[in-house]
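# Geometric and topological summary
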6 protein chains.
Amino acid sequence: MRILFANPNTTTAVTDRIAAVARGAASPGTEVVAVTAPYGVPYIATRAEAVIGGRVALELLAEHSPGCDAAVIAAFADPGIGGARELFPIPVIGMAEAAMLTACMLGRRFSIVTFATAMEPWYRECVDYNGLGGRLASIRCVPGGFRDINSVAEEKSDELVAACCAAVEQDQADVVILGGAPLAGLASVVAERVPVPLVDGVAAAMRQAEVLAALRPRKATAGTFRTPDAKPVTGVPAALERLFTRR
Amino acid sequence: MRILFANPNTTTAVTDRIAAVARGAASPGTEVVAVTAPYGVPYIATRAEAVIGGRVALELLAEHSPGCDAAVIAAFADPGIGGARELFPIPVIGMAEAAMLTACMLGRRFSIVTFATAMEPWYRECVDYNGLGGRLASIRCVPGGFRDINSVAEEKSDELVAACCAAVEQDQADVVILGGAPLAGLASVVAERVPVPLVDGVAAAMRQAEVLAALRPRKATAGTFRTPDAKPVTGVPAALERLFTRR
Amino acid sequence: MRILFANPNTTTAVTDRIAAVARGAASPGTEVVAVTAPYGVPYIATRAEAVIGGRVALELLAEHSPGCDAAVIAAFADPGIGGARELFPIPVIGMAEAAMLTACMLGRRFSIVTFATAMEPWYRECVDYNGLGGRLASIRCVPGGFRDINSVAEEKSDELVAACCAAVEQDQADVVILGGAPLAGLASVVAERVPVPLVDGVAAAMRQAEVLAALRPRKATAGTFRTPDAKPVTGVPAALERLFTRR
Amino acid sequence: MRILFANPNTTTAVTDRIAAVARGAASPGTEVVAVTAPYGVPYIATRAEAVIGGRVALELLAEHSPGCDAAVIAAFADPGIGGARELFPIPVIGMAEAAMLTACMLGRRFSIVTFATAMEPWYRECVDYNGLGGRLASIRCVPGGFRDINSVAEEKSDELVAACCAAVEQDQADVVILGGAPLAGLASVVAERVPVPLVDGVAAAMRQAEVLAALRPRKATAGTFRTPDAKPVTGVPAALERLFTRR
Amino acid sequence: MRILFANPNTTTAVTDRIAAVARGAASPGTEVVAVTAPYGVPYIATRAEAVIGGRVALELLAEHSPGCDAAVIAAFADPGIGGARELFPIPVIGMAEAAMLTACMLGRRFSIVTFATAMEPWYRECVDYNGLGGRLASIRCVPGGFRDINSVAEEKSDELVAACCAAVEQDQADVVILGGAPLAGLASVVAERVPVPLVDGVAAAMRQAEVLAALRPRKATAGTFRTPDAKPVTGVPAALERLFTRR
Amino acid sequence: MRILFANPNTTTAVTDRIAAVARGAASPGTEVVAVTAPYGVPYIATRAEAVIGGRVALELLAEHSPGCDAAVIAAFADPGIGGARELFPIPVIGMAEAAMLTACMLGRRFSIVTFATAMEPWYRECVDYNGLGGRLASIRCVPGGFRDINSVAEEKSDELVAACCAAVEQDQADVVILGGAPLAGLASVVAERVPVPLVDGVAAAMRQAEVLAALRPRKATAGTFRTPDAKPVTGVPAALERLFTRR
């Protein structure tokens, strides 16, 4: 089984981190392919940046998904997920949706904890888009800047643990998601410091992608995720253009 | 990895069916343990029957879960799931919740199709309990009686396929769940006759149980699924009594 | 008119308390029959305990409801209510639903105040089950242990009054329900110490049971609360078995 | 016990009908006072007419509620109910809210059936105002005109029964409310022709008013239904003016 | 273009204030007609007072709307708006709805800030009536009395600005509405002291009334805002009576 | 006043149509600037195409908004609106949100009618994104292909009018929006053939953009639409890059 992780951010170190955590979480025999955005921002934090990221996610999937059994949009909040699910014949999931749906099996209400306040509105829109507002306890963001996106998990681990505990004690969370690809791997390190289950977005996405690949769902030919009708498109890379034009 | 399927119905032939489909869907190396209710009804179809089934589900889990890595309440609508999630140290999931959350990654709105009209109210309460009403397209039940609960999937397959197609065309479902343990295995047989992905409840539960077991979430010591305080209880089997009394 | 109060807990002193408050709230000529669970827990506080309580509630109703005009499941959060409403030909109501619906006629938003933090999740699921989340201001639980379930109302009365006042001042409650059968009778004692109407669960259930008995609604033969089809069942007391098997 | 029924319509024959049904539904010893709007429309059917009716309801209550233990705004959809609940020291309930909350104890979803299509929007706003949209199956109105508002119940009984049955079969109603004061009394006559419980708005309001009067809730001095601060007002009858000015 | 502002309060100084702010916000060539309630209360603050205000709003519109292209009910929370929209052939909007819908184009969640705590419940019901609860961040009311309704904006400006800032910082508002006609004009004065856009209710209503007048929507002859059927009415001024009777 | 209409589709004839209708709806003195996507699809109909359109909308706004007082994303469903509202100092609105919010002032429930079934899912997500699901009666799409995107309004006018009438009669719409830029101008032509108000998306957006420009809201420096922090970005045109990098 071969799973694509498409990082719509430009930071290859984060892609490496994603790949390492995904491989650690994968079943025996699963191969992980992890790719990085060729352009865009170092890490998406706002709605505006997500607009750029959604487009680049489609490009990455168009180029790298052939030969894969399922794909993950590896930025928490899942830029471009709806469009990707229409366009591609294999299952495509978002890291946030995978984490949230997994969390729903571990508790009644989940919180999302992350490392930058700028992300809160985009994350909240993602929760609403998934119709899971009734399951959300809170989104908690650690305030203040950080030195390096690739080591923010370690740099902020104490503040992140404190935010997780506050989510449990003050917001009545039954389970906490550590959101944001740069936090991949932290959940297993700090699990004993938080009194409820923690969900690692990358690990959850890895496993959920395997679930979907294993179930081998057919591509819809009806419903709202059927393959769109062919349409001419300009200004996009050839691999993506072929998907739109069906040629 | 060892996964328990607890069938809160008394029909062993349905348990056998569950076990066979679960084993077919499992990853290499996963062991399936499937057990049948020692008392109750042949198959749960109403809220009243689910009250009996919830209690027997706890008994089955108490007796058979030691040594397992995760457990599935193997009746669609998940009798006793909330209580089980409190009581047991391993992850416990319901067949309906596993199917619905899996379906959410395959489309925007899902329908549930089943073989008896009596089940609709109980299923609907289960959807609402999971906070997924906004993702539900419809619940469609094939009317009329059937000869044998263990072959109803084959007996009614044409009507069930027709109901799936109607869910897509008339109710705007993007994905359809075949609900009810007696329908286990049908989804893969009829997949090509329905124009959207089909979700098999047992296969989805099998795979989701593996996900949770692999993520090894800690047992909550806070939040609403922390282990309940010890309390004396009478009139229940010893294995269940020990869980309540913590002795 | 004869009203059954079925206490699904095993503490007879609480049943006595329920009976006394119910009789005090009843119309002239109404007879109160109050019965206690033959097995289970001293008082239900969690989802897991409610699974046991739902089953015993059905047993109590099966044995004692003949000859009664309406019945009350006399534990706040109403274990087994849906199943009971299906099975029995007379109206069956839950203490929580009776209290909440009564509260809705006294204000826009109600709070529920009770004596143990363990109860919060179970109560909240009950509010949601009734579709009344939009009318809920808060659930407030007095923290800490107590000496005796039968005198917790008196022991904790100051803390309970403080919680009621906090619900009004901080949570914008227009009316407060004192939840939990062990608190029966407290509302009338402390009414002047809380600046909004208080609802006593037992008194409300008593009066609402009279309302339904007086309206003499027919037993549904259609809709989701029609009598379930006959079905064989094993492992339950004879009175309950007869209801399932319709013999 | 003395219960006021304030009919905010000008048709005294309908008031007589209300009074007769209320008396038939009342407990022994309960006195019914029924009064008619001195001005306004023969029967309220639209939002615009309800604006007039809300004002006249306050006037009727101001003049006639002294000496009563509870009051009912006796037009389905409850014009002026929020303001009345603020102003008056006794419990005030609306006929629609009493019927809907009673229906909630008899089934999961209720339909409202009435005799004129003009009423649908106003009724729907009333359901929404009560936060009970999730419990509503449908509102069904019998189309076409009628000869006489006071005998419309008899004139249209076949169509009304057919609408009730359609609500059960097509809209999945568990219980049906016959809405509109002119339909008072019809439910008991046609009960056997509809396969689910029927709720008579006037009978339900009669009994619920007794419940509230019996519970003797204190008048709120906090929360959103506390007595409003005194304020000068002009252009209203003296009895109502005194309530606003607190003199 | 001629726009009517109907102030359902009796304070002519507030009407003057409304007229001045409306004229300042109007497009060149728009004429503003502002009229004051001939009876009622100095300023509506509660549900009970809104019942009086709704009736007087219809009277004002009946008398003064002929010759106007659109009308505004110039009290925040929009007493009588539903009825007015039925009765009149020109567009009628409420000050609160105009402000809220305008705010929705400036941010995701809006707060409403006003000068008296009594108004909170009535405002909240207005938000719910408009189905905009999901867009509401908070309603914040400045506590304490004030000297003069016509200068409360100036008297309380510091507290109002502080409440606006608290709504942004503590309630996550993206935009703040200054609610209540007596606050008309304040938004432009204090705009630089609040870090998000402020919406002035009167200015927004002025502009939105122009929008509707310019679009020249036809009067509905179907749907729930079609002109009601003619009906006799008594006890209302002649201009309003003619609208009900269609003579 | 100068208003930018950014058409994220590549069909210049549709841009011309938008410009003509916008100019017809504008106030005297308002200047309309209408620009066309330099790349992408002829008309956006699916989520995948909207991902491309969202990015090109930001590019168009970055290049053309300087000197404008407000901007409109001139494709129904508003690709990129959230990001645009963050990035730009002037008000930016979507054609769909402008139409829906305008419709809310003309009735309780609105329908959206358009010319291609492919658009339904994308439109529905837009309604949900705006939190207006409770105000939506239906989305109706005329089935079947069409000859030319620029004359589809005329080609399909009879079917579109029939869909509008069906929305009123079968879906209880009080007002109907003609969605999709290619339908601009149709509403005024067919207004008399539909029994409720029609809203033209372009005309509504034109007028609402004027409202916002006239209110001169400050750019937020707090809340979720504050200008994002500067961030490096690659692979986007210089004008857009400058907005992200704040240089």
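None of the values given here were measured: they were computed from a predicted structure.

### Here's the deal with the relation of the copies chain A and chain B
Turning chain A through 180 degrees and shifting it by 0.0 Å along the axis lays it on chain B, with an RMSD of 0.0 Å. Taken together, the turn and the small shift mark the pair as related by a two-fold rotation axis. Closest to the rotation axis within chain A is the C-alpha of A:Leu101, separated from it by 2.9 Å. Looking at the interface residues of chain A, 100% of them are also at the interface in chain B, so both copies use one shared face.

### Brief notes about the domain arrangement of chain A
Residues and elements named next belong to chain A. Assigned domains of chain A: these are domain 1 (2-95 + 205-245) and domain 2 (97-200). Relative placement of domain 1 and domain 2: their C-alpha centres are 22 Å apart. Per-element tally for the side of domain 1 that touches domain 2: the top contributor is helix α1 (residues 12-25), with five residues.

### Re helix α2 (residues 47-64) of chain A
In a regular helix each residue adds 1.5 Å, so 18 residues correspond to 26 Å; α2(A) covers 25 Å between its end C-alpha atoms and thus fits that length. Counting buried residues along α2(A), 16 of its 18 residues qualify, which places the element largely inside the surrounding structure.

### Let's talk about the packing of helix α4 (residues 95-104) of chain D against helix α9 (residues 201-215) of chain D
All names here are of chain D. Direction vectors running N to C along α4 and α9 enclose 85 degrees, while the axes themselves pass 8 Å from each other. Regarding the angle of α4 to α9, the classification is roughly perpendicular. Two secondary-structure elements touch here, α4 through Met-95, Ala-96, Ala-98, Ala-99 and Thr-102 and α9 through Gly-201, Val-202, Ala-204, Ala-205 and Gln-208. Residues that form the contact of α4 with α9 fall into these classes: seven nonpolar, three polar and no charged.

### A closer look at the pairing of strand β5 (residues 110-114) of chain F
Residues and elements named next belong to chain F. The buried fraction of β5 amounts to five of the five residues, a majority that puts the element mostly inside the structure. A two-sided burial pattern is seen for β5, the buried positions comprising Phe-110, Ile-112 and Thr-114 on one face and Ser-111 and Val-113 on the other. In terms of strand pairing, β5 meets strand β6 (residues 136-141) through five bridges, oriented parallel. Within β6, the position partnered with Thr-114 by the bridge is Cys-141. Across four bridges, the pairing between β5 and strand β7 (residues 175-178) is parallel. Bridge assignment links Ser-111 to a residue of β7, and that residue is Val-176.

### Section: unusual backbone geometry
The residue A:Arg216 is not glycine, and still its phi comes out positive at about 50 degrees. Secondary-structure assignment places A:Arg216 in the loop between α9 (201-215) and α10 (238-245). Non-glycine residue B:Arg246 carries a positive phi angle of around 60 degrees. Position of B:Arg246 among the secondary structure elements: in the segment after α10 (238-245). Using a count of 10 C-beta atoms within 10 Å as the deciding quantity, one classes B:Arg246 as exposed.

Calculation notes
- Residues numbered from 1 in each chain as written.
- Chains lettered and ligands numbered in written order.
- Predicted model: local features only at pLDDT ≥ 70, side-chain atom pairs only at ≥ 80, totals over all residues.
- Least-squares fit on C-alpha atoms with pLDDT ≥ 70 in both.
- Contact = placed C-beta atoms within 7 Å.
- Domains from an automatic or database assignment.
- Helix = DSSP H or I, 4+ residues; strand = E, 2+ residues; numbered from the N terminus.
- Expected span 1.5 Å × (residues − 1).
- Buried ≥ 20, exposed ≤ 12 C-beta atoms within 10 Å, placed from the backbone.
- Axes fitted to C-alpha atoms, helices over the stretch in contact; angles between N-to-C directions.
- Parallel < 35°, antiparallel > 145°, perpendicular 65-115°, else oblique.
- Nonpolar A, V, L, I, M, F, W, Y, C, P; charged D, E, K, R; others polar.
- Pairing = 2+ DSSP bridges.

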